Amino acid sequence: MEQKEVLFGKTLDELKVVVKEMGLPGFSAGQIADWLYKKKAGSIEEMSNLSKKARAQLSERFDMGLTPSSKVQTSADGTKKYLFPAHKNLFVEAAYIPEEDRKTLCVSSQVGCKMGCLFCMTGKQGFQSQLTAGEIINQVRSIDESDLLTNVVYMGMGEPMDNIEEVLKSLQILTSDWGFAWSPRRINVSTIGVVPAMRRFIEESEAHLAISMHSPFDEERKKLMPIQQVYTIEQVIETLRDYDFGRQRRISFEYIMFDGINDTAAHVKGISKLLNGLRCRINLIKFHPIPDSPLRGTPHERMVWFSEQLNKKGLVTTIRRSRGEDIYAACGLLSTKTLVKKDEQQDY
Amino acid sequence: MSQPVRRKKEVFPTKVLSNTEITPGVFSIEVERLHDFIPGQVVAAAINTSDPLRLYSIASGKEQPFLRLLYDVKPGGLLTPQMARLQKGDTLYVSAPFGRFTKAPDDAWWIATGTGIAPFLSMAESGQTQGPTLLQGARYLTQFYYADFFKTAFGERYLRFCTAEEHPEVIHGRLTNYLKESDAVQAGRKYYLCGNANMVVDVRDLLLERGVPFENIVAEIYF
């Protein structure tokens, strides 16, 4: 049987095409968007301001496309890790991080990742598939705490800029008046610095941007992050300097700290030189060791010292509190590798 | 909305000299060469200047008069299905070369799968054939692109691993099994990896397990 298309994840423009093709009145597109993203309908049948015939027509061609999580784990600190099925029998994880003043969901944009960063658990799983915009925002919609969310960060599995079309589409749905109508200032999208896609993101979205730096030095960053072979951190920063981000839009740099590797005075100097004059902030992140990793996390006292040194240089620096480590929901630990069926006929 | 000051990477029109399907679904395209490059660099390419650019490793030598790229046709992809239809005389837009997967030392091991062979082909075609050892993995024998060239250039330093088919000149089995067991894996050597992400992370993990420090592993990813 042919699989139906899904409605959830379609933009208003795409819905306009759908209703036109089905011979429905033009305004039905807005009504459908309303049910999908505002009224949070669970089924096409619930779309009660569409005629019965229209609902029947829609149901014939479409599924809603909402997917409940298949597993939830809760950390001692209240963080929750949700497992969501994706297409092709694959899975992704999302991490819900409650704090006093904010409730953040960290969403995935790909199943696995192609970027091969040395310190990342998702990277160790290789790449399996892109997520659709619907699968990305399904994570926002389908967690138990959906209505409590104050922030969404695209910092889960995958490199968002390597799936830029679907990521931009998901952002459009989250921030448009016809969609979730969130302020883009509640959304932060991370990247390791895929420059062309990052340009598109900067130009076509208004969400915050977080860059994974992890080293200011070329040779060192190349070993940690293969992307540095193609797009250097210098180029990424040079690109950022091309834009006026205004006062509301934030650029931040993520910096995972590796003991004896990237936590020296020379690194403080290197970072301050690199970011000179750029309005931004730096988040220092504890490294959560992954199996067989040659890297170890910098001790907390050293992180504090590093943070102080950067602050002295005029760079607003904070140490990000680690959350959900006991359920492997912390930064860099999301992975569904054990659920990926091994291809026995692989080529290496 | 943030206003752009500068446009995306500049691309230049080049004439296609040839476009050959070297094995089903994999093509070698040769276009006019406009710039000098360092073997191991990439170019960004597109059929129309308004399309998003895609990156390809250069697969030709620095003295060769053309620029060669290898590519898999991705069904539903934006560029490669169209690229496969290009004929001699058609135009492909190509950026100036960039990237730094370069300067592999002479005693390095080069490890590749699929079209990840491209930067190594460029290095070898540029004359770097006396020291390196090339390990290439493939599912089928037809996927050892440019094998005849590498056999001549590298002799016994060209090791092929095929998982699905057997051939007297090819090791039947996984490249990763060889890396797990071979005494030839040495911690002090440099290892240059190029191919899909799954190969890069699996091989890197294996090398780390074998005691190779991460500083000695240089990876180029395909995305």
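Residues numbered from 1 in each chain as written. Chains lettered and ligands numbered in written order. Predicted model: local features only at pLDDT ≥ 70, side-chain atom pairs only at ≥ 80, totals over all residues. Heavy atoms only, no water.

### Overview of the interface of chain A and chain B
Quite often, the size of an interface is put as the accessible area lost when its parts meet.
Here comes step 1: The interface of chain A with chain B comprises 48 residues on the first partner and 43 residues on the second.
Here comes step 2: For the pair chain A and chain B, the summed buried surface comes to about 3900 Å²; carbon and sulfur atoms form 52% of the total.
Here comes step 3: The tally of links from chain A across to chain B stands at two salt bridges.
Here comes step 4: Ionic pairing is found between R100 of chain B and D218 of chain A, a salt bridge with its closest N-O pair at 2.3 Å.
Here comes step 5: Elements with a minimum of two residues in the side of chain A that touches chain B: α4 (121–124), β8 (127–130), α7 (195–204) and α8 (218–224) of chain A.
Here comes step 6: Class assignment for the residues of the side of chain A that touches chain B results in 18 nonpolar, 10 polar and 20 charged. (Contact = heavy atoms within 4.5 Å. Buried area = accessible area lost by both parts, 1.4 Å probe. Salt bridge = Lys/Arg side-chain N within 4 Å of Asp/Glu carboxyl O. Helix = DSSP H or I, 4+ residues; strand = E, 2+ residues; numbered from the N terminus. Nonpolar A, V, L, I, M, F, W, Y, C, P; charged D, E, K, R; others polar.)

### Some points on α7 of chain A
Note that an α-helix has 3.6 residues per turn; residues three or four places apart therefore point the same way.
Here comes step 1: Of all the positions in α7 of chain A, only V195, A197, M198, R199, F201 and I202 of chain A are classed as buried.
Here comes step 2: Contacts from the buried residues of α7 of chain A go to α6 (164–175), β10 (187–191), β11 (208–212) and α9 (233–240) of chain A. (Buried < 20%, exposed > 50% of the residue type's maximum accessible area, 1.4 Å probe, protein only.)

### Thoughts on the nonpolar core
Here comes step 1: Core analysis: the largest hydrophobic core is formed by 132 residues, its most contacted members being F119, Y154, F201, L240, F253 and L275 of chain A together with L179 of chain B.
Here comes step 2: Counting 27 residues, the second-largest nonpolar core is a separate cluster that includes A108, F144, C162 and Y192 of chain B. (Core = buried A, V, L, I, M, F, W, Y, C linked by side-chain atoms within 4.5 Å.)

### A few points about the sheet that holds strand β3 (residues 42–46) of chain B
All names here are of chain B.
Here comes step 1: Read across the open sheet, the six strands follow the order β4-β3-β6-β1-β2-β5; overall the sheet is antiparallel. The two strands at the open ends of the sheet, each matched to only one other strand, are β4 (54–57) and β5 (66–72). Between one strand and the next, the sheet's axes are offset by a mean angle of 40°, whatever the strand orientation. (Pairing = 2+ DSSP bridges. Axes fitted to C-alpha atoms, helices over the stretch in contact; angles between N-to-C directions.)

### Some remarks on the domain arrangement of chain A
Residues and elements named next belong to chain A.
Here comes step 1: Partitioning chain A into domains gives domain 1 (5–63) and domain 2 (71–339).
Here comes step 2: Computed from C-alpha coordinates alone, the two centres of domain 1 and domain 2 are separated by 34 Å.
Here comes step 3: Facing 13 residues of domain 1, the contacting portion of domain 2 comprises 15 residues.
Here comes step 4: Both faces considered, domain 1 and domain 2 share a buried interface measuring about 1100 Å² in area, 59% of it formed by carbon and sulfur atoms. (Domains from an automatic or database assignment.)

### Some details on the domain arrangement of chain B
Residue and element names in this part refer to chain B.
Here comes step 1: Domain parsing of chain B yields domain 1 (11–95) and domain 2 (109–221).
Here comes step 2: One C-alpha centre belongs to domain 1, the other to domain 2, and the line joining them spans 24 Å.
Here comes step 3: The interface is formed by 19 residues belonging to domain 1 together with 13 residues belonging to domain 2.
Here comes step 4: Across the interface of domain 1 and domain 2, roughly 1200 Å² is buried in total on both sides, 59% from carbon and sulfur atoms.
Here comes step 5: Where domain 1 meets domain 2, there are one salt bridge.
Here comes step 6: Across the pair R68 and E125 runs a salt bridge, and its minimum N-O distance is 3.3 Å.
Here comes step 7: If you look at where domain 1 meets domain 2, you find seven residue pairs in polar contact (both at pLDDT 80 or more).
Here comes step 8: The dominant element in the side of domain 1 that touches domain 2, judged by the number of residues it contributes, is β5, at four residues.
Here comes step 9: Its residues assigned to classes, the side of domain 1 that touches domain 2 shows nine nonpolar, seven polar and three charged. (Polar contact = N/O pair within 3.5 Å; in protein donor to acceptor, adjacent residues only side chain to side chain.)

### Regarding the side chain of E135 of chain A
All names here are of chain A.
Here comes step 1: Topologically, E135 is positioned in helix α5 (residues 133–142).
Here comes step 2: For the buried E135, which has no salt bridge, the nearest side chain bearing the opposite charge is K88, at an N-O separation of 9.0 Å.
Here comes step 3: Here H87 takes part through its side chain, which lies 2.8 Å from a polar atom of the side chain of E135.
Here comes step 4: Within the structure, the side chain of E135 is placed 2.9 Å from the backbone nitrogen of T132, a separation counted as a polar contact.
Here comes step 5: Once residues lying within four places of it in the same chain are set aside, the contact partners of E135 are A86, H87 and Q130. (Lys, Arg positive; Asp, Glu negative; His and termini not counted.)

### Details of unusual backbone geometry
Here comes step 1: With a phi angle near 55°, K40 of chain A is a residue other than glycine that sits in the positive phi range.
Here comes step 2: Turning to its location among the elements, K40 of chain A is positioned in the loop between α2 (28–38) and α3 (52–61).

### Topic: the pattern of salt bridges
Where charged atoms from two side chains of opposite charge approach closely, those side chains can pair.
Here comes step 1: A complete count under the given rule lists 28 salt bridges over all chains for this structure.
Here comes step 2: Taken together, the shared-partner salt bridges connect E5, K10, E21 and R61 of chain A into one network.

### Topic: the pairing of strand β9 (residues 158–162) of chain B
Successive residues of a regular strand alternate their side chains across the two faces of the sheet.
Residues and elements named next belong to chain B.
Here comes step 1: Of all five residues in β9, five are buried; the element is thus mostly enclosed.
Here comes step 2: Judged by which residues are buried, β9 turns out to be covered on both faces: Y158, R160 and C162 on one side and L159 and F161 on the other are all buried.
Here comes step 3: In this structure, strand β8 (residues 133–138) lies alongside β9, joined through five bridges in parallel fashion. Pairing of G137 across the sheet is with F161, part of β9.

### Considerations on the packing of α6 of chain A against α7 of chain A
All names here are of chain A.
Here comes step 1: Running from N to C, α6 and α7 point in directions that differ by 15°, and their axes come no closer than 11 Å. Judged by the inter-axis angle, α6 sits roughly parallel to α7. Handedness of the crossing formed by α6 with α7: right-handed. Across from I164, E165, L168 and L171 in α6, the residues of α7 making contact are A197, R200, F201 and E204. (Parallel < 35°, antiparallel > 145°, perpendicular 65-115°, else oblique. Left-handed = near helix turned anticlockwise from the far one by under 90°.)

### Side note on the packing of aromatic side chains
Here comes step 1: Per the stated rule, a full pass over the model turns up 21 aromatic pairs over all chains.
Here comes step 2: Taking the centre distance of 5.9 Å and the plane angle of 35° together, the rings of Y231 of chain A and F98 of chain B count as tilted. With Y231 of chain A in the loop between α8 and α9 and F98 of chain B in the loop between β6 (91–95) and β7 (109–113), this pair bridges two chains.
Here comes step 3: With a relative accessible area of 5%, Y231 of chain A lands in the buried category.
Here comes step 4: Residue class for F98 of chain B comes out buried when judged on its relative accessible area of 8%. (Phe/Tyr/Trp six-rings, centres within 6.5 Å; stacked < 30°, edge-to-face > 60°.)

### Some details on the sheet that holds strand β12 (residues 217–221) of chain B
Residue and element names in this part refer to chain B.
Here comes step 1: Within the open sheet, the six strands sit side by side as β10-β9-β8-β7-β11-β12. Their pairing is parallel. What marks the edges here is a single partner per strand, and that holds for β10 (171–172) and β12.
Here comes step 2: The sheet contact formed by β9 and β10 spans two bridges and is parallel. Considered in β10, the bridge of F161 is made with I171.
Here comes step 3: Where helix α2 (residues 118–125) meets the sheet, its contacts fall on β7, β8 and β11 (191–195), and the angle it forms with β7 comes to roughly 135°.
Here comes step 4: Packed on one face of the sheet, helix α5 (residues 197–209) meets β7, β11 and β12 and runs near 155° to β11.

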